[in-house]
Amino acid sequence: MAIRTVGVTRADHRVLADLAPGDRATVVGVTPDAPPATVRRLQDLGFTVGTTVEVVRRAPLRDPVIYRVRDYDVCLRRAQAAYLLAAEISG
């Protein structure tokens, strides 16, 4: 899978599910335990390495979450977003 990043661990970056509304980050890879079908779906939705993602808002119970990626909004469950590793963009 092209989105997987060798040598990237959760200690190096945060998972997308941990970001708060208003935060922006760049996708750097996926966690090693990500199921291939989920990785493929996330790629198809535009979550590829180098893509900037913004957390738009969360549902009242924190799930699902709306992310802005490539000029459109995508709604993901936290379980799916937890497979994406991201480097937060400050400012």
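The preceding data block contains the structure.
The paragraphs below set out a description of the structure included in this document.

The rules we used
- Residues numbered from 1 in each chain as written.
- Predicted model: local features only at pLDDT ≥ 70, side-chain atom pairs only at ≥ 80, totals over all residues.
- Heavy atoms only, no water.
- Helix = DSSP H or I, 4+ residues; strand = E, 2+ residues; numbered from the N terminus.
- Buried < 20%, exposed > 50% of the residue type's maximum accessible area, 1.4 Å probe, protein only.
- Contact = heavy atoms within 4.5 Å.
- Areas by Shrake-Rupley, 256 points an atom, 1.4 Å probe, with all protein chains shown as cover.
- Pairing = 2+ DSSP bridges.
- Phe/Tyr/Trp six-rings, centres within 6.5 Å; stacked < 30°, edge-to-face > 60°.
- Salt bridge = Lys/Arg side-chain N within 4 Å of Asp/Glu carboxyl O.

For the chain, the helix and strand inventory stands at two helices and six strands. Ordered by position from the N terminus, the helices and strands of the chain form the series β-β-α-β-β-β-α-β. A buried classification covers 37% of the 91 residues belonging to the chain. Taking as baseline every contact in the chain between residues at least 6 positions apart, the subset at least 24 positions apart corresponds to 66%. If you sum the accessible surface of the chain, you get close to 5,100 Å²; carbon and sulfur atoms cover 52% of it.

With that settled, the discussion passes to the sheet that holds strand β5 (residues 72-76). Backbone-to-backbone hydrogen bonds join strands into a sheet, with any given pair of strands oriented parallel or antiparallel. Strand order in the open sheet formed by six strands is β1-β6-β2-β3-β4-β5, and the pairing between neighbours is antiparallel. A strand with exactly one partner marks an edge of an open sheet, and here the two such strands are β1 (14-15) and β5. Note: strand β4 (residues 65-69) against β5, five bridges, orientation antiparallel. Residue Arg68 lies in a different strand from β5, and its bridge partner there is Asp73.

So, on to the packing of aromatic side chains. Considering all chains together, one arrives at one aromatic pair under this definition. Aromatic side chains Phe47 and Tyr67 sit 6.4 Å apart centroid to centroid with 90 degrees between the ring planes, which places their arrangement in the edge-to-face category. Placement of the pair is Phe47 in the loop between α1 (36-44) and β3 (52-58) and Tyr67 in strand β4, with a sequence separation of 20 residues. You can call Phe47 buried: its relative accessible area is 0%.

Attention now moves to the pairing of strand β6 (residues 84-89). Relative to β6, β1 runs antiparallel, the two being bridged by two bridges. From the neighbouring strand, Arg14 faces β6, where its bridge partner is Ala86. Here strand β2 (residues 24-30) runs beside β6; their pairing, made up of six bridges, is antiparallel. Looking at the pairing, Val30 lines up with Leu84 of β6.

Once that is clear, we can look at the pattern of salt bridges. Overall, the coordinates contain five salt bridges when judged by the stated rule. The residue Glu54 makes a salt bridge to Arg68 at a minimum N-O spacing of 4.0 Å. Of this pair, Glu54 sits in strand β3 while Arg68 sits in strand β4, placing them 14 residues apart in sequence. Here Glu54 falls in the partly exposed class, since its relative accessible area comes to 26%. Here Asp63 makes a salt bridge to Arg77, at a shortest N to O gap of 3.8 Å. Of this pair, Asp63 sits in the loop between β3 and β4 while Arg77 sits in the loop between β5 and α2 (78-81), and the two are 14 residues apart along the sequence.

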